[in-house]
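# Close look at the chain arrangement
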Amino acid sequence: MELKYNTWDEINIRTYKKLMELSNDVEDVIDTEIGIISILCDCSEDDILNLQIPEYQKLRNQAQWIMKKPDVKPYAPKSIKLNSEYDVYYDVSKLTTAQYIDFQSYLKQNDMDKYLTHILSVFIVPKGKEYGEVPMEEVLDDLESNISIKMALSMCFFFITEYLTLMKLTLNCLESRMKKTKNQELQKKLKEIHLLINGDGLITLK
């Protein structure tokens, strides 16, 4: 038996979520390890349990790469082809109101493992379609099945970085205007943006 997955580039979002669910189970380290190896081999846990000890040890050694986190750098292409073709909203300032509201909602959940695909779906829209025009379930399934976790985290990192940059620019603009006026509405908006930038409900990449 051989590992099916040998790098993070080969792990899609759905498989990554399965691995994270197992990793969060610290009650039985041995069962967790067997579960992880079965996922990396794309087989059942019974298949792993039936292996001879030397073969199990070989797979265990080969699976050590998973102990290192994906090498993530902020990046987003202008378009991406999966089962369908998609346009990528890499310019956060061009989001529609609906996209912005959904993005805010997902961020405030503060659960990257659960909402990673949802966050990506805000920015990755079926080519030639408006946001929300294609059923969300179809988009989520395509993303989870066909984007590697390394690419997914890199894109998410890019979007959040761009979002924070936009918020800071907006904040600087408002603060500049505040020096010239006592407008209470501007003061309220400043407080809201400060909360967003300072981490109120904002998830971070671990």
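The structure we're discussing is the one just above.
Residue indices follow the written sequence of each chain, beginning from 1 at its first position. Restriction of local features to residues with pLDDT of at least 70 applies here, the model being predicted, together with a cutoff of 80 or more for giving and counting side-chain atom pairs; totals for whole chains, interfaces and linings are based on all residues. No hydrogens and no water enter the side-chain calculation; it runs on all heavy atoms of the structure.

## Comments concerning helix H7 (residues 136-146)
To keep it simple, the criterion reads: With a 1.4 Å probe rolled over the protein chains alone, any residue whose accessible area is under 20% of its type maximum counts as buried; one over 50% counts as exposed, and the rest are partly exposed. Under the DSSP-based scheme used, a helix requires at least four consecutive residues in state H or I and a strand at least two consecutive residues in state E, with every element numbered from the N terminus. Two residues qualify as a contact provided that any one of their heavy atoms is within 4.5 Å of a heavy atom in the partner residue.
Where H7 is concerned, the buried positions are Val139, Leu140, Asp142, Leu143 and Glu144. Its buried side turned inward, H7 meets helix H1 (13-23), strand E2 (85-88), helix H6 (112-123) and strand E3 (124-126).

## Observations concerning the side chain of glutamine 99
Heads up, the rule is: Pairs of N or O atoms within 3.5 Å make up the polar contacts considered here, provided that, within protein, one atom can donate a hydrogen while the other can accept it, and that residues adjacent in sequence are counted only when both atoms are side-chain atoms.
With respect to the helices, strands and loops of the structure, glutamine 99 is situated in helix H5 (residues 97-108). Within the local environment of glutamine 99, its side chain forms a polar contact with the backbone nitrogen of threonine 96, the two atoms lying 2.9 Å apart. Sequence-distant contacts of glutamine 99, that is, excluding residues within four places in its chain, are made with Tyr89, Val122, Val125 and Tyr131.

## Some thoughts on the pattern of salt bridges
Spelled out, the test is: The rule for a salt bridge is simple: a side-chain nitrogen of Lys or Arg has to be within 4 Å of a carboxyl oxygen of Asp or Glu.
Considering all chains together, one arrives at eight salt bridges under this definition. One salt bridge connects glutamate 2 with lysine 58, and the closest N-O pair in it is separated by 3.4 Å. With glutamate 2 in the segment before H1 and lysine 58 in helix H4 (residues 53-62), this residue pair connects regions lying 56 residues apart in the sequence. Here lysine 58 falls in the partly exposed class, since its relative accessible area comes to 31%. Across the pair aspartate 42 and lysine 4 runs a salt bridge whose closest N-O atoms are separated by 3.2 Å. Pair noted here: aspartate 42 is in the loop between helix H2 (29-41) and helix H3 (45-49) and lysine 4 is in the segment before H1, with a separation of 38 residues, a long-range link. Residue classification places lysine 4 among the partly exposed residues on the basis of a relative accessible area of 46%.

## A few points about the sheet that holds E2
Rules: Criterion used throughout: strands pair if DSSP finds at least two bridges between them. Geometry is summarised by axes, namely lines fitted to C-alpha atoms with helices restricted to the contacting stretch, and by angles between N-to-C directions that run from 0 to 180 degrees.
With respect to topology, three strands assemble into an open sheet ordered E1-E2-E3, the strand pairing being antiparallel. Edge strands, defined here as strands with exactly one partner in the open sheet, are strand E1 (79-81) and E3. Taken pair by pair, the neighbouring strands of this sheet meet at an average axis angle of 30°, ignoring direction. Where E1 meets E2, three bridges bridge the pair, whose relative direction is antiparallel. The partner of lysine 81 across the bridge, within E2, is glutamate 85. Here H6 sits on the sheet in contact with E2 and E3, set at roughly 60° to E3.

## Description of the packing of H1 against H2
Going by this rule: For classification, angles of less than 35 degrees are called roughly parallel, those exceeding 145 degrees roughly antiparallel, those between 65 and 115 degrees roughly perpendicular, and all remaining angles oblique. Throughout, the ten residues Ala, Val, Leu, Ile, Met, Phe, Trp, Tyr, Cys and Pro are labelled nonpolar, Asp, Glu, Lys and Arg are labelled charged, and all others, Gly among them, are labelled polar.
Where H1 meets H2, the axes come as close as 9 Å, and the angle between the chain directions of the two elements is 170°. The angle between H1 and H2 falls in the class roughly antiparallel. Across the interface between the two elements, Thr15, Lys18, Leu19, Leu22 and Ser23 of H1 pack against Thr32, Gly35, Ile36 and Ile39 of H2. Here the contact of H1 with H2 is built from residues that sort into four nonpolar, four polar and one charged.

## As for the environment of glutamine 104
Tracing the sequence through the fold places glutamine 104 in helix H5. Judged by its relative accessible area of 10%, glutamine 104 is buried. It is 9.1 Å that separates the C-alpha atoms of glutamine 104 and isoleucine 119, two residues lying 15 residues apart in sequence.

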